[in-house]
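Coordinates in review
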Amino acid sequence: MIIRSRNGNDIRPSEITPKQVHMNRRELMGKAAGLGAGALAGGVSLPLASLSSSPAQAAALSFEKGKFSTSEPVTAREYVTTYNNYYEFGVDKGDPGQNAHTLTTKPWTVKVEGLVAKPADYALEDFVKPFTLEQRIYRHRCVEGWSMVIPWVGFPLAKVLERAEPLGSAKFVAFETLMRPAEMPGQRGLFQPLEWPYVEGLRIDEAMHPLTLLATGIFDETLPNQNGAPLRLVVPWKYGFKGIKSIVRIKLVDNVPPTTWNIQNSNEYGFYSNVNPEVDHPRWSQKTERRIGEGGLLVKRRETLPFNGYADEVASLYSGMDLRKFF
Ligand code: MTE
């Protein structure tokens, strides 16, 4: 993701922070902005060192092949696990792969609460136990202009919501990531790139849609930490930032919940965040994307498809809505 640029009314960091802090921030902001721009401008190069590093914690998974999988070539595991956005572990794409091993994912509790008949705190094992794991090979489109094809392993979020028995007043679902500064370097220290905890939300019909997954794995292994272990959201027709990682709370609510990137910059990131080549990001076009792993600078960018290619399945959710306004 790309950190918000200053507008004319912002106070300069140098006016409110000591010089050294301000310099560190500028260096980090520059890095983040540069990465986004680089991804947009052309070939994505990965740090070679990170290509060889992979987490040792993964456990093998067994699963069924689910519906809705694309037959497009899957992105190599090395890219999926070393080119990440997970700001709790740093703002560079290689940071989560390098740093996220510090996160302890056992034990893990997921709270399901709010406007439901059956709220509960689940140990992760109990949370997932009733559900059959499925593999879903989905396109994954980042708002920065790059994409991958990822074989997720998980189960429909709808199953979790049905188990909780939503009340009639439940209109939205709010999600929250773990807050644990001791294990998440991005949540401590002087430069904190986002407001924590990371939060996201869906309308209840989006959350109940059969394409919407809670993932516990990728390829044939449990989720590596940098991909959002032990549990993350996957909504394939939306920009990747809706895919909140390391979820600890799912709350059914009656109003639009706050979402991290909208809090960060509401002009650039709306609540819906549907992949839409017709609605430019204020600082760049969304018409095309670079598929990670697809060769060098000369490879043509792909055309971005409405709803990331899932229009047949989801366009009806938004009929009658002005998608320029509800971006
Ligand atoms: N979830 C948390 N908790 N923190 C984050 O920084 N980044 C988001 C999303 N989920 C993020 C997060 C963004 S910007 C993207 S594009 C996707 O995760 C990236 O998922 P990936 O690293 O598995 O490709």
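Anyway, here's the lowdown on the structure attached to this text. (Residues numbered from 1 in each chain as written. Predicted model: local features only at pLDDT ≥ 70, side-chain atom pairs only at ≥ 80, totals over all residues. Heavy atoms only, no water.)

1. Observations concerning the side chain of Gln187
When you line up the elements, Gln187 lands in the loop between strand 6 (172-177) and strand 7 (199-203). What makes Gln187 buried here is its relative accessible area of 4%. One polar contact links the side chain of Gln187 to the main-chain amide nitrogen of Arg180, over a distance of 2.7 Å. Dropping the residues within four chain positions of it, Gln187 is found in contact with Glu88, Leu178, Met179, Arg180, Pro181, Gln192 and Trp196. (Helix = DSSP H or I, 4+ residues; strand = E, 2+ residues; numbered from the N terminus. Buried < 20%, exposed > 50% of the residue type's maximum accessible area, 1.4 Å probe, protein only. Polar contact = N/O pair within 3.5 Å; in protein donor to acceptor, adjacent residues only side chain to side chain. Contact = heavy atoms within 4.5 Å.)

2. Some remarks on the layout of surface pockets
In this structure, the second largest pocket occupies an estimated 500 Å³ of space. In terms of lining, the second largest pocket is formed by 22 residues, of which the most central are Lys106, Leu124, Thr216, Thr222 and Pro230. Among the elements that make up the lining of the second largest pocket, the one with the highest residue count is helix 6 (residues 124-128) (3 residues). For the lining of the second largest pocket, the class distribution of residues is 13 nonpolar, 6 polar and 3 charged. (1 Å grid on protein atoms, 1.4 Å probe; cavity = no way out; pocket = protein on both sides within 12 Å on 5 of 7 lines; lining within 4 Å. Points joined across faces, edges and corners; volume = space filled by probe spheres on them. Nonpolar A, V, L, I, M, F, W, Y, C, P; charged D, E, K, R; others polar.)

3. Let's talk about the sheet that holds strand 6
Sheet architecture is open: 5 strands sit in the order 3-2-11-6-7, paired in mixed fashion. Of all strands in the sheet, those with a lone pairing partner are strand 3 (120-123) and strand 7, marking the two edges. Pairwise comparison of adjacent strand axes, ignoring direction, gives a mean angle of 15 degrees for this sheet. In the sheet, strand 2 (residues 109-114) pairs with strand 3 via 4 bridges, with the strands oriented antiparallel. Counterpart to Val112 in the pairing with strand 3 is Ala120. (Pairing = 2+ DSSP bridges. Axes fitted to C-alpha atoms, helices over the stretch in contact; angles between N-to-C directions.)

Keep in mind that these numbers describe shape and distance, not what the molecule does.
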